[in-house]
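Now for the letters of each chain:
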Amino acid sequence: MSRSIPAKYPTPPSPLRYLEKKELAALAEDGAICARALINEETLERMREATEVVIRGDGVLGDGGINLADQGFHGDIFVWKLNDAFRDLALFSSLPALAHQVLGTERVNFFYEQFFIKRAGSPVKTPWHQDIPFWPVAGSQIVSFWITLDPVTRESSGLEFVRGSHRWDERFKAVTPNYDPYMMDSELPPAPDFATQRDEVDLLGWDMEPGDVLIFDPVVCHGSAGNASNTQDRRALAFRYSGDDVVFAPRHATMPLLWEHGLEPGDRLGGSLFPQVWPQVIESEIARRWEGPEPPSPKAVGEFLKHLQDSGFGPKGDKRSIFN
Ligand SMILES: O=C(O)CCC(=O)C(=O)O
């Protein structure tokens, strides 16, 4: 089945290849796989350029946010709202077809993307975590594609997964690389440091080439060490898609949504913040973004800042968060 996209938008290329049955079976069994050679060099090069532009100051969260620039770590979220290369990879690439293959649901929506750049020598770790506690959503049909723009080894901060942990009932605190107090302000326990338990848990990790993609479940525990390579940056982009069972479920201590979305709790994800990408895009959801960049909405930002303050986070409260 192919997607139908109105002629004014880019025609999505077919995937370089579809996932094999054995890869889908391993994803279901283990919670994460490394799929080789899914993204072409032209796309990777466009994304390298775009990512460096965003880091230089054209991003959503700016210099503060989740960055630890003095330690060689850069991150940002929802960059697709501002940058066309990120938009095109999210909406008009082969990723929606691959997401449909993984999720198998009638409709697929683009959830959001996020990048994790660790320059050569960056000591910044990604603490062990599950993704689902970070998000103001409920449901199980979410898949992440972690695309590396550079060669990756365990030394240069390859991501590792606890095999099978996507079947655990336990949920852990959302911990960002800079340990943001707002995201950690939940009752959930912190995840153990699985890197120190290699004899007890089965850790999955892969050396990767640009174009290889990690595909993983929203509950699987994962984390990465700092980048111990002296020469090799580790630039990774995570693009995430949702299926039919994923609904808006706002909670304290979850990722801020800085655009108005019109969703009520319990609504299936959709609309201009989480546009449908399969079986087709919906003109009314993407028309505004196609016209040009959509900066965060002052109203949505204001509501989030108020929530932070009401919960005791700065500037007047006792606690500080990177988000205010
Ligand atoms: O790249 C990393 O170190 C973290 C990636 C991650 O946690 C994710 O994409 O969910």
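The rules we used
Residues numbered from 1 in each chain as written. Predicted model: local features only at pLDDT ≥ 70, side-chain atom pairs only at ≥ 80, totals over all residues. Heavy atoms only, no water. Helix = DSSP H or I, 4+ residues; strand = E, 2+ residues; numbered from the N terminus. Buried < 20%, exposed > 50% of the residue type's maximum accessible area, 1.4 Å probe, protein only. Pairing = 2+ DSSP bridges. Axes fitted to C-alpha atoms, helices over the stretch in contact; angles between N-to-C directions.

Caption draft 1: Focus on unusual backbone geometry. Here the amide bond leading from tryptophan 278 into proline 279 is cis, since omega sits at 5 degrees, within 30 degrees of zero. The phi dihedral of serine 157 is positive, around 75 degrees, even though this residue is not glycine. In this structure, serine 157 sits in the loop between strand 6 (142-148) and strand 7 (160-162). Phi at tyrosine 179 is positive, roughly 50 degrees, even though this residue is not glycine. Within the secondary structure, tyrosine 179 is located in the loop between strand 7 and strand 8 (203-205). When its relative accessible area of 46% is taken as the criterion, tyrosine 179 is described as partly exposed.

Caption draft 2: Summary view of the sheet that holds strand 7. Here we have 4 strands laid out as an open sheet, ordered 4-10-7-8, and antiparallel in their pairing. Every other strand in the sheet has two partners, leaving strand 4 (126-129) and strand 8 as the edge strands with one partner each. Sheet twist, expressed as the average angle between the axes of neighbouring strands with direction ignored, equals 25 degrees. Summarising the sheet, strand 7 and strand 10 (residues 222-224) pair through 2 bridges and their orientation is antiparallel.

That's the geometry; what it means functionally is another story.
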